[in-house]
Amino acid sequence: MLGICRGRRKFLAASLTLLFVPAFTWIYLFSGSFEDGKAVSLSPIESQPHSPHYTASNQRERESLEIRMREVEEENRALRKQLSLAQSRSPTHHRGNHSKTYSMEEGTGDSESLRAGIVAGNSSECGQQPAVEKCETIHVAIVCAGYNASRDVVTLVKSVLFHRRNPLHFHLIADAIAKQILATLFQTWMVPAVRIDFYDADELKSEVSWIPNKHYSGIYGLMKLVLTKTLPSNLERVIVLDTDITFATDIAELWAVFHKFKGQQVLGLVENQSDWYLGNLWKNHRPWPALGRGYNTGVILLLLDKLRKMKWEQMWRLTAERELMSMLSTSLADQDIFNAVIKQNPFLVYQLPCFWNVQLSDHTRSEQCYRDVSDLKVIHWNSPKKLRVKNKHVEFFRNLYLTFLEYDGNLLRRELFGCPSEADVNSENLQKQLSELDEDDLCYEFRRERFTVHRTHLYFLHYEYEPASDNTDVTLVAQLSMDRLQMLEAICKHWEGPISLALYLSDAEAQQFLRYAQGSEVLMSRRNVGYHIVYKEGQFYPVNLLRNVAMKHISTPYMFLSDIDFLPMYGLYEYLRKSVIQLDLANTKKALIVPAFETLRYRLSFPKSKAELLSMLDMGTLFTFRYHVWTKGHAPTNFAKWRTATTPYQVEWEADFEPYVVVRRDCPEYDRRFVGFGWNKVAHIMELDAQEYEFIVLPNAYMIHMPHAPSFDITKFRSNKQYRICLKTLKEEFQQDMSRRYGFAALKYLTAENNS
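What counts and how
- Residues numbered from 1 in each chain as written.
- Predicted model: local features only at pLDDT ≥ 70, side-chain atom pairs only at ≥ 80, totals over all residues.
- Heavy atoms only, no water.
- Helix = DSSP H or I, 4+ residues; strand = E, 2+ residues; numbered from the N terminus.
- Expected span 1.5 Å × (residues − 1).
- Buried < 20%, exposed > 50% of the residue type's maximum accessible area, 1.4 Å probe, protein only.
- Contact = heavy atoms within 4.5 Å.
- Pairing = 2+ DSSP bridges.
- Right-handed = clockwise from strand over helix to strand, strands pointing away.
- Disulfide = S-S within 2.5 Å.
- Axes fitted to C-alpha atoms, helices over the stretch in contact; angles between N-to-C directions.
- Polar contact = N/O pair within 3.5 Å; in protein donor to acceptor, adjacent residues only side chain to side chain.
- Parallel < 35°, antiparallel > 145°, perpendicular 65-115°, else oblique.
- Left-handed = near helix turned anticlockwise from the far one by under 90°.
- Core = buried A, V, L, I, M, F, W, Y, C linked by side-chain atoms within 4.5 Å.
- Salt bridge = Lys/Arg side-chain N within 4 Å of Asp/Glu carboxyl O.

A. Highlighting helix 4 (residues 176-189). For helix 4, which comprises 14 residues, the first-to-last C-alpha distance of 20 Å matches the rise-based estimate of 20 Å (1.5 Å per residue) to within 8%. For helix 4, every residue scored as buried is listed here: Ala-178, Ile-181, Leu-182, Thr-184, Leu-185, Phe-186, Thr-188 and Trp-189. Residues of helix 4 that are buried make contact with strand 3 (138-144), helix 3 (146-163), strand 4 (168-174), strand 5 (194-200) and strand 13 (456-457). Just beyond helix 4, the residue with positive phi is Met-190, at close to 55 degrees.

Printed below as a string of C-alpha cells:
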C-alpha cells in the first residue's frame, strides 16, 4: 500500500522471513525423511553408519542439509540484528536525510525543514501505525461560503463517503447561503452514521476582518485560523479540508496519522509543492516568511486540545500583526499566517507525506509525489484554473474528479456494518410510515413514492434577488426534467421577474445542466432564477414534490404557478403586479387565472397583444389549451367571455378544472400522492376551492403551450391499465381525505366526480 514506507516494507519482509524460512526448512527436512511412504527417524542412533538404512547417498544428503541449516541460521541471525537496529533506532538517525525530492515515502523528517529545527520525533519512522477503531468517529472541518463552494463541498463529501468505513462528523463553518443549501441537502440525503454541525461564519468575520487579504477566497479564507475557538471545546482533533479536495482513499488512513504526532507537534501539513515561498517566481516577488518551501493548508491535521493549551489564538495573532507591518496584506490567506507561525515555531509541525495533498496548480512539483497515479490519496485543485491546470496526468485527475462529481449520491446511503447510527427522528418516522404500507397492494409503488425522501440541492446556481419594496412582486414557479431544458432561455426572455424552478435530474444530468447554463448568455445574465435540483430516485416523476420545492423557496409575496412548456405573454410580470393590487390579493383569498392556449407549431410568431392572439385563434394557428383532448380541464375559464372581457370576472369551480393561477405564497401545497401523469393540478385547484378561494380570470393575460414529445409518464398512463386503476384509487382516497378535512362542503367533489 502506498502509505507503507520503504522501511516498513523491509521490516515486514524480514518478519515474514523469520517466520517462514525456518518453517519451510523443517518441512523440507521432515518431508525428506520419508522413504516408500514411511517415516524415517532422524534420531542419532538410526543415523549412524551401522544403521541398516544408512547409505553413502544418505550421508551426502545429510551433510548438504546440515550445511544449508547453518546458512539459514546465519541469515536469521543477520535478520534479527537488522530488526533489532530498526526497532531501537532513535529518530535522530533520520536527521541526516536532507533529500529535497518528493517521493511516496516522504515523511515528516525527510525535508530541508529539519535543518530549521523541527524536532527529531517528526520523522517517518516505520513502527507499526495504530489502527483507527472500527466505529471511531472521524471529525472533519470545512469552511464553506456561497453557491459555488456549496457545490464543491458535495463532490468532496462524495469522495470521502465513497471510501469511508467509519462514522463521520462534519463541522461546517458556513455563511447563511451555504448553511441553507447544505442543511437541506444533508437532511434529505439521510446518509447513515454521518452527523452535520453548522457554525455561523458571519459571526466569525470580526475575528479576521482586520487582516487584509488579496486571495480570491476573501475573508472566509482566513477562518481556519480561528477553529480552536469556533469548534467545541471538547473536540480534541480534527481534519481540516479545503472545498477543492478529492479523496482517493479512506479518510481513516489520514486520521490514523494523528497517532504519529510527538512532543509539541500540533499541526499536520504537507510541504508546499510550488516555488511560491522561495520567492523566485518573478522579479521583486516577496512572499511571507516560511520554512523552506513552506506548507500548504488545503489539508491540515489539528490537535485542538494542545493548540488551546499553547494559546494558539495569541500565537497567530501576534505573528500576523508583526508581519503585516511590512507585508501589508496576505496573498494566500490563512496559509501565509500558518507558515509565518511555523517559521518561528518549527516544532509545531508534523510533515505529512506529500501524497496527502497533491497540489495541482501550475508549476508545482506534484508529479514527484507519486510513482503511479493510482497510488494517490488526496488531490487538491488549488489553482484558480481548477480542471484546466497543467499536469501530465491531468486527464486522470480530471476523470477521477468527474467520477465523484457525477456519482449517484443515493448509492452512498449505505449502513456501516456493525456501527449503529444515531437515532434520527425523520428516518424513524419514515420507516414507520413505510412499514404501515401493504407491499402486496397493487398500488404499493404509488403509495411509497409519497414518502420517498429525494436528495435536494437548493440554489444550484448563484441567486441574487431582493423583492420589490411595494409587496407586489410575483415569482414564476415551474418544474422540469432534462428533456425540457431547452425551454429555459425562452421563458427568461418572456418573463423578466424572479423564477423558481425545481429540476428532476440525476447527478450526471445536474452537471450537464450546469454546463448548459454556464454556456448560455441568457441564463448567466439572470441572477433572479433559483434552480433547485431534486435528484432522481424511484420509477415515478414526483411532479407535485417538485412543485412544492419550487414554491417553498420563493422570496416574493405572490407566485404564478405555471408549467415549463408554457411561454407567458410579453409583459405578463408587470401586468400581474398591477393585478394583485387592483384585486387586493393581499387581503383576500383569490386565485387569478391566466388563460391558457396552445400551438401545434414548433415555430410560432408569438402574439404581442390580445388582439393578435384572437386573430391567430380565429385562423387556427392557436387553440384553447387541450380543447381537443381534455376540454374539462380549462372549459370553466369561459374563453367565449374572455374574448370580449375588459375587466376581471369570477368563475366557479367545476370537476377536473386545472387552470394556471397566481396566488399568495401561503396557499396550500400540492398533494404528493399524485405522481407522474394525472390529477396533480386538479387536486390542488380542488383544495383551493375547498378553502374558499375565489377564481378570477384576468382579461388581458395569456400564456401559450409549446409543442413537445409526449412525456414518459403520459405514455405509461395511456398504455398501462394498472397505472390508470391506481390513479383512480388515489383520486377516491384524496376525495375522502377532503371530506374529512373540510366536512359537508367537500361532498360536492364526490358528486361532481360521479356526474362527470
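B. Representation of the pairing of strand 14 (residues 474-481) in the model. With 8 of its 8 residues buried, strand 14 lies for the most part within the structure. Side chains of strand 14 alternate between two faces, with Val-474, Leu-476, Ala-478 and Leu-480 and Thr-475, Val-477, Gln-479 and Ser-481 buried alike. Relative to strand 17 (residues 558-561), strand 14 runs parallel, the two sharing 4 bridges. Paired with Val-477 across the two strands is Leu-561, which belongs to strand 17. For the segment spanning strand 14, helix 14 (residues 487-494) and strand 15 (residues 499-505), crossover handedness is right-handed.

C. How the structure looks around the state of the cysteines. A complete count under the given rule lists 2 disulfides for this structure. What pairs with Cys-443 in a disulfide is Cys-726, and their sulfur atoms sit 2.1 Å apart. Because the sign of the S-S torsion sets the handedness, a value of about -95 degrees for the bond joining Cys-443 and Cys-726 places this disulfide among the left-handed ones. Separated by 283 residues along the polypeptide, Cys-443 in the loop between helix 12 (425-435) and helix 13 (444-449) and Cys-726 in helix 23 (residues 721-742) bring together distant segments of the chain. We classify Cys-443 as buried; its relative accessible area is 5%. Under the relative-accessibility criterion, Cys-726 is labelled buried at 0%.

D. Expanded view of the sheet that holds strand 14. Sheet architecture is open: 9 strands sit in the order 13-16-15-14-17-23-19-24-22, paired in mixed fashion. With one partner strand each, in any of the chains shown, strand 13 and strand 22 (649-651) form the two edges of the open sheet. Both strand 13 and strand 16 (residues 529-535) contribute to a ladder of 2 bridges, which runs antiparallel. In the sheet register, Thr-456 faces strand 16, and the bridge partner there is Val-534. Running at roughly 135 degrees to strand 15, helix 15 (residues 507-518) makes contact with strand 15 and strand 16 of the sheet.

E. Examining unusual backbone geometry more closely. Phi is positive for Tyr-459, close to 45 degrees, though the residue is something other than glycine. Residue placement: Tyr-459 occurs in the loop between strand 13 and strand 14. Look at Asn-638: it is not a glycine, yet its phi comes out positive at around 65 degrees. Here Asn-638 lies in the loop between strand 21 (623-624) and helix 20 (639-644).

F. Broad picture of the environment of Asp-656. Counting through the fold element by element, Asp-656 comes out in the loop between strand 22 and strand 23 (660-664). It is 8.3 Å that separates the C-alpha atoms of Asp-656 and Met-686, two residues lying 30 residues apart in sequence. Side-chain polar atoms of Asp-656 contact the side chain of Lys-632, separated by 3.0 Å. Within the structure, Asp-656 has its side chain in polar contact with the side chain of Trp-679 (distance 3.5 Å).

G. Representation of the packing of helix 21 (residues 680-690) against helix 23 in the model. The interhelical angle for the contact between helix 21 and helix 23, taken along N-to-C directions, is 15 degrees, at an axis separation of 11 Å. With respect to each other, helix 21 and helix 23 are oriented roughly parallel. Two packed elements cross with a definite hand, and for helix 21 against helix 23 that hand is right-handed. The segment helix 21 lies against helix 23, with Ala-683, Met-686, Glu-687 and Ala-690 engaging Phe-734, Gln-735, Met-738, Arg-741 and Tyr-742.

H. Representation of the environment of Gln-512. Position of Gln-512 among the secondary structure elements: in helix 15. Given the relative accessible area of 38%, Gln-512 is considered partly exposed. Once the C-alpha coordinates of Gln-512 and Glu-406 are considered, the two residues, 106 residues apart in sequence, prove to be 9.4 Å apart.

I. Local environment of the sheet that holds strand 12 (residues 378-380). Taken together, the 3 strands give an open sheet; going across it, the order is 7-12-11, and neighbouring strands pair in mixed fashion. The outermost strands of the open sheet, each flanked by one partner alone, are strand 7 (245-247) and strand 11 (358-359). Bridging between strand 11 and strand 12 involves 2 bridges; their strand directions are parallel. Across the sheet, residue Val-358 finds its bridge partner in strand 12, namely Ile-379.

J. Expanded view of the packing of helix 3 against helix 11 (residues 394-405). The N-to-C vectors of helix 3 and helix 11 enclose an angle of 90 degrees; their axes lie 8 Å apart at closest approach. By the angle between their directions, the pair helix 3 and helix 11 is classed as roughly perpendicular. In this structure, helix 3 uses Asp-152, Thr-155, Lys-158, Ser-159, Phe-162 and His-163 to contact helix 11, whose residues at the interface are Tyr-401, Phe-404 and Leu-405.

K. Representation of the nonpolar core in the model. Grouped together as the largest cluster of nonpolar side chains are 114 residues, with contacts concentrated most on Leu-501, Phe-513, Tyr-531, Phe-560 and Leu-576. Core analysis: the next-biggest nonpolar cluster, separate from the first, contains 104 residues, Val-153, Leu-172, Leu-352 and Tyr-401 among them.

L. Region of interest: the pattern of salt bridges. Going through the model one piece at a time under the given rule, you end up with 35 salt bridges. Two residues, Asp-737 and Arg-740, come together in a salt bridge whose shortest N-O distance is 2.2 Å. On the criterion of helical spacing, the pair formed by Asp-737 and Arg-740 is a turn pair, its members being 3 residues apart in helix 23. Arg-740 sits in the exposed class, given a relative accessible area of 60%. When salt bridges with common partners are traced through the structure, they connect Lys-158, Asp-408, Arg-455 and Asp-507 into a single cluster.

Any functional reading would require information beyond the geometric quantities listed.
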